[in-house]
Each structure stands twice: as C-alpha cells, then as structure tokens.
Amino acid sequence: MKRFFSLTVLVMAAVIAGGVLEAQARKPKIMILATGGTIAGAQTKPGEASYTAGTFSVANLIAAVPQLQDLAQVSGEQFANIASQDMNNAVWLKLAKRINQLLATPEVDGIVVTHGTDTMEETAYFLHLVVNSNKPVVVVGSMRPATAISPDGPLNLYNAVAVAADPQARGRGVFVVMDDKIFCGREVTKTNTTAVETFQPMNRGVQGAAYFGQNRWFEPPGQKHTTKSEFRVDQAEAMPRVDIVYAYANAPRDMVDALVAAGAKGIVLAGVGDGNSTEPVIAALSEAAKKGVIVVRASRVGHGLVRRNIEVNDDKLGFVTAEELNPSKARVLTLLSLMHTQDPKVVQQKFYEY
Ligand code: DGL
C-alpha cells in the first residue's frame, strides 16, 4: 500500500512538473537587452533627487519584477550601461546588428531594450528603420530611478515584456512603452524633463494601451518601417555625420560654417516656427547645400509639419523639409538616407515615405 502511494505521488509530481515545463515552453521567449538609463538608476542617497543612471544590471532589473515570468521566458543581456545622453552611433550599430541576429533565430519571439529616456525617441526611430523583422521590439525606460519612492520602471518593464510577447504586436514596427502607453518609435517624443507622462505623440496617435499586461491596440503606423524599410546597417561599420543647428532670434551663421568645416554631410535646422531662421543662417545653409551638404529644415516647436516652399524657397536653395519629423528624428532619417544617396530630391522622397 505504501509503495503504491509513493508511486502515485511520484507520477502526480511528474505530471505537474511536465505541465509546468510545457506551460513555460509555450510562453514566448523574450530577450531583454539593457543599455543603462534611469530605469537602472540609483539615488546617491535615499530620498535624494540626484541619482546615477545605469547602476543596476539587467539581472537586477529582471529579479525586481518576478511577475515577468508569468508573461514569458525572459532572459537578459547587459548590452551597454550608459546614460542615454551618451548614446552614440557605435552602440546604435551594435544594437541593431544584435537585434537582427537574435530575431533571425526561432528561439527569440521578441526583444525589449531598456534605455535612458533622453535619447530614447532617437534610438527607437533608428531601430524602427533598420530592424529587419516583424517580431516585436520594445524600447522602455523610466523617469524615476529604481530606488525612488514609487519607481515607474518596474511596471514599464512589465508592460514592455507584455507588448513584446503579444502576437498582435507583430508587424507594427518598433515601440516605445512608457506610462501605460504603447507608442510607435517614429511618433513619440519626450515633452517634460521629469514627469512620468513625459512621452507623447508628435502628430499621429498612440499605437495602443498597456493595462498591467493586457494590451489594447489602435491603428497601426502608416509609414514604411522594419521589413518594408530599405535601410540596412548589418554590414555598416560607420554612419555619416549629421548635425543639428538650433535656431533663435539673432542667430549668426557661425555654427553652420563650423559644422561644414568639421565635415558634416548633413545639417538639420531646428528652426523657429515653420522651420525658419535668420537670413545669415539661411545664407550659410544655402552655401552648404551648394557644397553638397544635405540641408533639412525641421522645427524646434515639437508638433506640426514643415512643408516645402512656405516662407523659404526650398526648390531654389536645394533644401529638404522634414514633414512630420522633429529635428532629432529628421537627423536619424538623414544619416540613413546619406548611406544611399547624396541627392536632396531623393532624400526628400524618403521624408515622404518613412
Ligand atoms: N540620463 C538620462 C538618460 O539616461 C536619464 C533619463 C532617464 O533615463 O529617464 O537618458
């Protein structure tokens, strides 16, 4: 009788263990690539406003949210550990190549990139244009360090994994998930220095809403991205230099001349109003365009479109206009376009398509 009982318990344990393994095996496999930022940040002293970004490891981030295991089989890679104001082309290229390599394997169903919020909108748009897969890629961060009272990082990370694990997220490009919102990487911009609701759409709406692991989806993005994009960087070792000049009252031409002398292949104007600036700046940009520099007029105001030939004669001066893109995103599209063409007319067409 005793032997029969212990045999029954063994069989039951095996069935349960098998069920758990099978259930775990059914869960999507999500890789978290950590690059640093406030989501991994720690205050210098508890209660202090000051903090150091990129203090905690990806293992710490995953351990801090055990509920991730309910959503997916999660593993992590400490890809970099920088504050995102130090994000650079070398990390971008390495990140794009690693993401394309991982998503090309059947073992990985989606990717989450933890990242600082300062340049998150640039990295997300860059990946939106160069990731060659329909599988979900989600960029996530936080506005409060991990050691703060009510840190926003853990729930943002949970929602990001829930989006990366959601089959409905496929084919919608690269996302930013912050503050319960699902943004398209092209459409999102940081609008507040400290608020948790800092990320807002530039012109088009949000992609969806993330409710504690349940996602609601809205209209997919319109422009070309990921597998429909022509931009591939998997063989690239470097990218062209493109800089941004900020416009303001009384602005002189000096910055433009200095960037041309420094070898900029593209210059984006963060213009006042509808992408305008002072006559000296426009004259310097016109001379730069004549030298073959791609000049793109965008606006510092944050929302709305910059269209051709409104107050500036773009046709005459050989300029490109940024349409919906803000200056930092216009820089991303310009540097990728310059890997294909030096013709401003062809670059302008890409601003209509991406
Ligand atoms: N230093 C900023 C960065 O890494 C902190 C901002 C944040 O991550 O929220 O982007």
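Residues numbered from 1 in each chain as written. Predicted model: local features only at pLDDT ≥ 70, side-chain atom pairs only at ≥ 80, totals over all residues. Heavy atoms only, no water.

### Some thoughts on the packing of aromatic side chains
Logical step 1: In this structure the tally under the stated criterion is three aromatic pairs.
Logical step 2: Ring geometry for F175 and W217: centres 5.5 Å apart, planes at 50 degrees, overall tilted. Taken together, the positions of F175 in strand β7 (residues 174-178) and W217 in strand β12 (residues 214-217) put the pair 42 residues apart, joining distant regions of the chain. Like F175, the residue W217 is buried in the burial classification.
Logical step 3: Plain terms: the ring middles of F231 and Y354 are 4.8 Å apart, the flat faces sit at 50 degrees to each other, and that makes the pair tilted. Note that F231 is positioned in the loop between β12 and β13 (242-246) and Y354 in the segment after α11 (344-353), a separation of 123 residues in sequence.
Logical step 4: Residue classification places Y354 among the buried positions, given a relative accessible area of 0%. (Phe/Tyr/Trp six-rings, centres within 6.5 Å; stacked < 30°, edge-to-face > 60°. Helix = DSSP H or I, 4+ residues; strand = E, 2+ residues; numbered from the N terminus. Buried < 20%, exposed > 50% of the residue type's maximum accessible area, 1.4 Å probe, protein only.)

### What about the nonpolar core?
Logical step 1: Of all hydrophobic cores here, the largest spans 85 residues; its most connected members are I99, I111, V112, F126, L127 and L336.
Logical step 2: In terms of residue count, helix α4 (residues 89-103) provides more of this core than any other element does, eight residues in total.
Logical step 3: Counting residues in hydrophobic clusters, the runner-up holds 20 residues, among them V245, A251, I267 and A289. (Core = buried A, V, L, I, M, F, W, Y, C linked by side-chain atoms within 4.5 Å.)

### Concerning the side chain of D166
Logical step 1: With respect to the helices, strands and loops of the structure, D166 is situated in the loop between α6 (153-164) and β7.
Logical step 2: The side chain of D166 is buried and forms no salt bridge, while R216, the nearest opposite charge, is found at 7.7 Å.
Logical step 3: Polar contacts involving the side chain of D166 include one to the side chain of W217, which spans 2.9 Å.
Logical step 4: Not counting chain neighbours up to four residues away, the residues in contact with D166 comprise P136, N215 and W217. (Lys, Arg positive; Asp, Glu negative; His and termini not counted. Salt bridge = Lys/Arg side-chain N within 4 Å of Asp/Glu carboxyl O. Polar contact = N/O pair within 3.5 Å; in protein donor to acceptor, adjacent residues only side chain to side chain. Contact = heavy atoms within 4.5 Å.)

### Brief notes about the site of the ligand
Logical step 1: Taken together, G37, T38, Y51, A83, S84, Q85, G116, T117, D118 and S142 make up the full set of residues adjacent to the ligand.
Logical step 2: Between the ligand and T117 there is a distance of 2.7 Å, counted from an oxygen atom to a side-chain nitrogen or oxygen.
Logical step 3: Considered on its own, the ligand offers 280 Å² of accessible surface; in the complex 93% of this is hidden by protein. (Near = heavy atom within 4 Å. Areas by Shrake-Rupley, 256 points an atom, 1.4 Å probe, with all protein chains shown as cover.)

### Comments concerning helix α5 (residues 120-130)
Logical step 1: Burial within α5 is extensive, with eleven of its eleven residues counted as buried.
Logical step 2: Among all positions of α5, only M120, E121, E122, T123, A124, Y125, F126, L127, H128, L129 and V130 are buried.

### Considering the environment of T114
Logical step 1: Within the element layout of this structure, T114 appears in strand β5 (residues 110-114).
Logical step 2: Residue class for T114 comes out buried when judged on its relative accessible area of 0%.
Logical step 3: Sequence separation between T114 and A40 is 74 residues; the distance between their C-alpha atoms is 8.4 Å.
Logical step 4: Contacts of T114, omitting those with residues within four sequence positions, involve I32, L33, A34, T35, G36, I39, L61, V140 and L157.

### Examining helix α10 (residues 327-337)
Logical step 1: Within α10, eleven of the eleven residues are buried, which leaves it mostly tucked inside the rest of the structure.
Logical step 2: All of the buried residues along α10 are P327, S328, K329, A330, R331, V332, L333, T334, L335, L336 and S337.

### Some thoughts on the pattern of salt bridges
Logical step 1: According to the stated counting rule, one finds 14 salt bridges in the structure shown.
Logical step 2: Ionic pairing is found between R253 and E287, a salt bridge with its closest N-O pair at 2.7 Å. Of this pair, R253 sits in the loop between β13 and α7 (254-262) while E287 sits in helix α8 (residues 279-290), placing them 34 residues apart in sequence.
Logical step 3: Taking the relative accessible area as the measure of exposure, E287 reaches 35% and is therefore partly exposed.
Logical step 4: Here the residues in one salt-bridge network are R186, E187, R204 and E324, joined through shared partners.

### Notes on the sheet that holds β7
Logical step 1: Pairing is mixed in the open sheet, where eight strands are placed in the order β4-β1-β5-β6-β7-β8-β11-β12. Looking along the sheet, the strands with just one partner apiece sit at the ends: β4 (73-82) and β12. Going from strand to strand, the sheet's axes swing by 25 degrees on average, the running direction of each strand aside.
Logical step 2: Note that strand β8 (residues 181-184) and strand β11 (residues 208-211) share two bridges and pair antiparallel. (Pairing = 2+ DSSP bridges. Axes fitted to C-alpha atoms, helices over the stretch in contact; angles between N-to-C directions.)

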